[in-house]
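# Structural overview
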There are 4 protein chains.
Amino acid sequence: MKKIRAAICGASGYTGRELLLRLLRHQGVEVVGLAHGPSSEDCSMPDLFPEFKTLCELPVLGVETLYSQDLDAVFLALPHGASAPIAKEFLARGVRVIDFSADYRLRDTEVYEKWYKVAHCDKENLKKAVYGLCEWYRDEIKNAPVVAVPGCYVTSALIPLIPLLHDGVIEPNDIIIDSKSGISGAGKKLTPQVHYCESAESFKAYGMFSHRHTPEIDQELTKFAGANVNVTFTPHLLPIIRGILSTIYVKLKDGRSPSDIQSSWDKAYKDEFFMRVRKSGTSVEIRHIVNSNFCDMSYTAGPGRVIITSALDNLVKGASGAALQNFNIMFGFPETEGLI
Amino acid sequence: MKKIRAAICGASGYTGRELLLRLLRHQGVEVVGLAHGPSSEDCSMPDLFPEFKTLCELPVLGVETLYSQDLDAVFLALPHGASAPIAKEFLARGVRVIDFSADYRLRDTEVYEKWYKVAHCDKENLKKAVYGLCEWYRDEIKNAPVVAVPGCYVTSALIPLIPLLHDGVIEPNDIIIDSKSGISGAGKKLTPQVHYCESAESFKAYGMFSHRHTPEIDQELTKFAGANVNVTFTPHLLPIIRGILSTIYVKLKDGRSPSDIQSSWDKAYKDEFFMRVRKSGTSVEIRHIVNSNFCDMSYTAGPGRVIITSALDNLVKGASGAALQNFNIMFGFPETEGLI
Amino acid sequence: MKKIRAAICGASGYTGRELLLRLLRHQGVEVVGLAHGPSSEDCSMPDLFPEFKTLCELPVLGVETLYSQDLDAVFLALPHGASAPIAKEFLARGVRVIDFSADYRLRDTEVYEKWYKVAHCDKENLKKAVYGLCEWYRDEIKNAPVVAVPGCYVTSALIPLIPLLHDGVIEPNDIIIDSKSGISGAGKKLTPQVHYCESAESFKAYGMFSHRHTPEIDQELTKFAGANVNVTFTPHLLPIIRGILSTIYVKLKDGRSPSDIQSSWDKAYKDEFFMRVRKSGTSVEIRHIVNSNFCDMSYTAGPGRVIITSALDNLVKGASGAALQNFNIMFGFPETEGLI
Amino acid sequence: MKKIRAAICGASGYTGRELLLRLLRHQGVEVVGLAHGPSSEDCSMPDLFPEFKTLCELPVLGVETLYSQDLDAVFLALPHGASAPIAKEFLARGVRVIDFSADYRLRDTEVYEKWYKVAHCDKENLKKAVYGLCEWYRDEIKNAPVVAVPGCYVTSALIPLIPLLHDGVIEPNDIIIDSKSGISGAGKKLTPQVHYCESAESFKAYGMFSHRHTPEIDQELTKFAGANVNVTFTPHLLPIIRGILSTIYVKLKDGRSPSDIQSSWDKAYKDEFFMRVRKSGTSVEIRHIVNSNFCDMSYTAGPGRVIITSALDNLVKGASGAALQNFNIMFGFPETEGLI
């Protein structure tokens, strides 16, 4: 069978690395090119990540070297603002785009421009973009020219909350999401907070009421709740390389009981391979999902509130794994291909 | 000047170790004896903790060896249930007791017995016990025969919340405390969750709605609020040795503004050396308080809610440092003695 | 194509877990049974390792439940002493055995009994056992009834040293191996040294002149050197979950130059997928080989000595990956199957 | 009693931070000024290290602001090359200097210039400089105008080796020092190798045969051996914040027995508070010396060689603690002042 020809832009970052590792295991894809970010220099994958020596020694070149190639799909593991102009070029050439940035996530460009402080430069394609939360947009993804891979924190919030809001189990207006992420979420850029001596054996909250994943969470929850949702979202930085755990505080609607959470989740996810509903009261743990595309979730009910915990790997289900799952849907592969 | 003669029971645990390190720096105390927990064997401090070689080579013996000594004070770094019978013996001999366990914290023995599943065996002395939150019970501590050092999570919640409830700044009935603690909080006992390979590079919540620090938080907040307070409290296990950070979600009372939080804290803590009110919007971090007796706190206001973060070292301000601060108050030393 | 029917004994340990993860990716194998160690209780794989929920929900039963099954191969991820009696049973039933323990590694049972302090109970099969260092025993492995997967430290020493001794590049009698291993090397057993608070942010040597991997290193080096080799070997415990790095100090033989090291390695390993000879002077790093079956190596020459560094993942090339590579050779699969 | 007036240049680095913490505990010193490195901006200590809020809120200014102050002593926690010109200024003003850099360590400026690639700009004062290894240069330190605090790796090698070479117990020409250091040894500078995701859960050697501490080790060992010593020294980067452990491979001289090591150490160190000779065969561990000024050491004898391990905190006995111990000797304080 002819393999799908794919390329990665932004192969030099942590999500590019994770994606490539999984594409090398995928039976139906050929990686035909790698590109770096705008201001970087040409090199090879093992120069950037010595772990690819022998495994994949492709050069990592400027993105323009990919435009002339015969590609079926391109993964853009680029920062917001940098992604849209490049996506536009590929889309004009008929290459299907799987985008990791925020550029095609927010439907309302005013919201985008307010939170990201840049003008949106591809409003045309944005209209055709599909939000790549596979479990909820599968049908639209199949034929989408461009999918927007959801944010990592966002995914950890949406997966447990969408069914509950969709089914009217919880109040839409009293949701607190206390999220904790590993340091790879901050990327490879050298900032004081990623110095080992500043982050190991420490912990902090950041971006209180100002993290850019907030409007993305609100957009999707509002859509599925059929009512306006504005969450309180607080990200934290864990002294680990990868993984996100979100502790979510919700209130049941009048007349609802805790077991409705279980039913709602079961209904939504019983046939979803990567969704794992744990028994009520269980502690989901980051170590159970690291390096995998799974999202684990559990709830515990108590006086007046229910505590939900969800866990996923920010680099896999929160980025590269989700991207590959989207790709599998777009090109007709089993969703688990390359992801076990 | 004659030194105060003190002993430690439970010197073999992490809090005993921390306390001894600080007592060795204290100008006014002589450590005259160390005892281990009930089922341990006689040894010396460097046998248990080689870091004490040269520094303190005292034997660590059964607690009964301390009863006959001429002591002014004893620190009991023992588990709940084990502490009260021993405290009783020392109190009968006129030795002042600084107790780390829950045995003298909860005023209502029914609540104690419900949460700790053991009968309380010293109701007599419990009546005279003082809750050792130095910043709020200083006057009572001065002459107390026995003080109960507050729980570590509890302290991280009470310090920022007491002034706000006392001054009527926040609603007493909508408080969520999302706390994260280092692994030393689980003690030296060997359980699967403290294995390096199960805890490093991981993270989890535990004890949802069932952690024993909950009634202690409620008791003290209720007292200072003058109204019934029942918090939602979720502890988590951080892959670090020590430190607690609590993220606390509160709502302002009608007519109150975020700056009232600042004023309330300033009023309560401006002369308190170990209380550090950071600027609004600041990220308090565990690395700023590790190994110290400080508690850092900050708030950020947003739509509908205020997020408070507090950080302290669970082994210092959350245990041994607080114990020593109590001791300093009881025996007339400057509160910072041994704690800088 | 009919799949090879395989089982794992010792699925409850860290190496069992790693092996199963890789067998699930293998196109030509069916895992038909899992057994636990002797004193454990029946359960399921997700009970032991929640990360297997959905992925593999097989029960983990007593080893005797496997004897009656129709198996082609069995992996024994068991401790020394426990392995041989079980291997013997499987071999008697014509099942080929891949053994992780030391029981079939040392050819001389006197040496085995001296270092491991137990009598060897299967001297018969030991005669037919092949030492499973794939790159050097490939032909013998193909038809071996039982292979002994080499020790993790041992592999990190043998891979760089065998070619150099075989080709007479270095002195056989002045070799120092200073090895550092992650904590998973100590297994899941709860001992004080694996407590997070005793191992994180720390480091120590152990087993000086007494580690059981020493005679195994000597046996194999002696064989390939054609002269008696007795190394000085010091293991250390790194505060990481997995990975081994060995720093090896050797002396060139008279008339040999440092570039002979490069030539010797190139000759031995240029067609070996999992052997990666890095440029002289390079720092091999554990992060480059974690989760993979690669072994990286490099050398730096200086006055009087050459420093060699090698790195591999103790749970993969040092155990389960090597086991699977052996399996692939035994059953005619590409050596990389399940290992990318 | 009048306090000694001291200042720190380079308060913005990790060693400056550690020194200041200890000076605040010292009964006989007043910290009258703090200066930053050459290209930094004026700020306050809590701006750099929020942990100093309340504790020490001094401004951190340009070094020239210190020249006009009435100082008894200045600590220079500056990089090599930057230190000597500043030391010269202070020495001209009669201020005694405790220098952390390499500028006054190597007696031979040719060696200095070869290894450090800069011209030495203060050969005059270098002649009067004393090597600040307190246990071996105590008498010279008392009246030294300038002391050079030894390198961190160097100290971990010299402390166990000087007595053995001085007493002729071991061969001077076959010494291998395999050292492992925490990441704070690399300083606060942001480089890829200090990124949490590149260093956590990893390990590597670096600077093989080229680390600048090599000539310093050779200089001092040669002096005490009375014979030319050239060690093989390999540093490694541990995924921990602080601490050094060195594994040292030596050979006994003919006629010497392992117990001569014990006698030699006992003779040298029995009255030295910070030197802790552990029982032969003991594993010294970094956690036993972290945050302290102790150096632990032990040996294990085996066929043909002896393995010595030593451990110290690179920021304390390897830098700031040693600096303060020197200061105590220079100004007549007990050596332990501020260091318990």
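Everything discussed here concerns the structure shown above.
Please read all numbers here as calculations on a predicted model, not as lab measurements. (Residues numbered from 1 in each chain as written. Chains lettered and ligands numbered in written order. Predicted model: local features only at pLDDT ≥ 70, side-chain atom pairs only at ≥ 80, totals over all residues. Heavy atoms only, no water.)

### Focus: the overall build of chain A
Across its full length, chain A carries 12 helices and 15 strands. In terms of overall dimensions, chain A is globule-like: its C-alpha atoms have a radius of gyration of 19 Å, near the 20 Å expected for 340 residues. Counting only residues that meet the buried cut, chain A has 65% of its 340 residues in that class. Partitioning the contacts of chain A with sequence separation of at least 6, the portion at a separation of at least 24 is 69%. Surface summary for chain A: the accessible area is close to 11300 Å², and the carbon and sulfur share equals 50%. A gap of 2 Å separates the mean positions of the 37 positive and 40 negative side-chain charges of chain A. (Helix = DSSP H or I, 4+ residues; strand = E, 2+ residues; numbered from the N terminus. Rg over C-alpha atoms; globule rule 2.2 N^0.38 Å. Buried < 20%, exposed > 50% of the residue type's maximum accessible area, 1.4 Å probe, protein only. Contact = heavy atoms within 4.5 Å. Areas by Shrake-Rupley, 256 points an atom, 1.4 Å probe, with all protein chains shown as cover. Lys, Arg positive; Asp, Glu negative; His and termini not counted. Charge placed at Lys NZ, Arg CZ, Asp CG, Glu CD.)

### Topic: the interface of chain C and chain A
Opposite the 20 residues of chain C that make contact, chain A presents 20 residues. Together chain C and chain A conceal approximately 1900 Å² of surface at their shared face, both sides included; 53% is due to carbon and sulfur atoms. When the buried surface of chain C facing chain A is broken down by residue, Lys 53, Thr 54 and Ile 340 of chain C rank first, second and third, together holding 24% of it. Here chain C and chain A share 0 salt bridges between them. (Buried area = accessible area lost by both parts, 1.4 Å probe. Salt bridge = Lys/Arg side-chain N within 4 Å of Asp/Glu carboxyl O.)

### Some points on the interface of chain A and chain B
Taken together, the contacts link 40 residues of chain A with 40 residues of chain B. When chain A packs against chain B, close to 3400 Å² is buried across both sides, 59% of that on carbon and sulfur atoms. In terms of surface lost to chain B, no three residues of chain A exceed Glu 201, Phe 203 and Phe 209 of chain A, which account for 19% of the buried area on that side. Viewed at the interface, chain B and chain A are joined by 6 salt bridges.

### Observations concerning the pairing of strand β12 (residues 244-250) of chain C
Residues and elements named next belong to chain C. Counting buried residues along β12, 7 of its 7 residues qualify, which places the element largely inside the surrounding structure. Residue alternation in β12 divides its side chains into two sets, Ile 244, Ser 246, Ile 248 and Val 250 and Leu 245, Thr 247 and Tyr 249, and both sets are buried. Strand direction decides the pairing type here: strand β9 (residues 176-181) and β12, joined by 6 bridges, are antiparallel. Paired with Lys 180 across the two strands is Leu 245, which belongs to β12. Two elements, β12 and strand β15 (residues 305-312), share 7 bridges in a ladder whose sense is antiparallel. Counted as the bridge partner of Leu 245 is Ala 311 from β15. (Pairing = 2+ DSSP bridges.)

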